[in-house]
Amino acid sequence: QVQLVESGGGLVQAGGSLRLSCAASGRTFSSYAVGWFRQAPGKEREFVARINWGNDITRYADSVKGRFTISRDNAKNTAYLQMNSLKPEDTAVYYCAAGRNSVPADYRTYNYWGQGTQVTVSS
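Residues numbered from 1 in each chain as written. Predicted model: local features only at pLDDT ≥ 70, side-chain atom pairs only at ≥ 80, totals over all residues. Heavy atoms only, no water.

Things to note about unusual backbone geometry
Here's step 1: For Asp56, which is not a glycine, the phi torsion comes out positive at approximately 60°.
Here's step 2: Positionally, Asp56 belongs in the loop between strand 5 (46–51) and strand 6 (58–60).
Here's step 3: A relative accessible area of 36% places Asp56 in the partly exposed class.
Here's step 4: If you check the backbone angles, Ser85 has positive phi at about 50° while not being a glycine.
Here's step 5: Residue position: Ser85 is located in the loop between strand 8 (78–83) and strand 9 (92–99). (Helix = DSSP H or I, 4+ residues; strand = E, 2+ residues; numbered from the N terminus. Buried < 20%, exposed > 50% of the residue type's maximum accessible area, 1.4 Å probe, protein only.)

Written out as structure tokens, the structure reads:
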């Protein structure tokens with residue numbers, strides 16, 4: 001089992017920045033790929049970013065490319081999502097997820113999920 005806890009959400013003005021953290025406990029975090037997803041009210045869960053295990057290859061949704069950066073610190077069992085140049089349309093609950101054989105943008109293939117953290121971007 002892997003337990004995930006997100007933190008770092010909040011209210012920010014458009015153009016601002018936030019850094020989300022995903023702290024993991026349980027089994028070896030370094031052997032799991034980590035994904036960030038988000039879900040706005042009335043919308044489906046949406047892929048944001050992913051970082052592989054082993055080679056740390058990253059992948060981003062087109063909507064956040066160039067603005068968001070995913071990273072991980074295996075020594076701290078923590079993954080991060082640095083969000084810059086935030087827009088009102090980035091408002092959502094952000095979730096981190098972990099999986100060993102997950103398809104990057106398919107939330108159904110991730111095994112473990114955090115409880116989510118709210119990000120609100122005002123215009």
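With respect to the pairing of strand 3 (residues 18–26)
Here's step 1: The sheet contact formed by strand 1 (residues 2–7) and strand 3 spans six bridges and is antiparallel. Directly across from Gln3, in strand 3, lies its bridge partner Ser25.
Here's step 2: Judged from the six bridges that link them, strand 3 and strand 8 form a sheet pairing that is antiparallel. Within strand 8, the residue paired with Cys22 across the bridge is Ala79. (Pairing = 2+ DSSP bridges.)

Some details on the nonpolar core
Here's step 1: Residues Leu4, Trp36, Val48, Phe68, Leu81, Met83 and Tyr94 are the most contacted members of the largest nonpolar core, which totals 35 residues.
Here's step 2: Looking at this core, the elements that each hand over two or more residues are strand 1, strand 3, strand 4 (33–39), strand 5, strand 7 (68–73), strand 8, strand 9 and strand 11 (117–122).
Here's step 3: Apart from the residues within four sequence positions on either side, Val48 is in contact with Trp36, Phe37, Arg38, Arg59, Tyr60, Ala61, Val64, Phe68, Leu81 and Tyr94. (Core = buried A, V, L, I, M, F, W, Y, C linked by side-chain atoms within 4.5 Å. Contact = heavy atoms within 4.5 Å.)

Interpretation note: all reported values are geometric properties and have no functional meaning in isolation.
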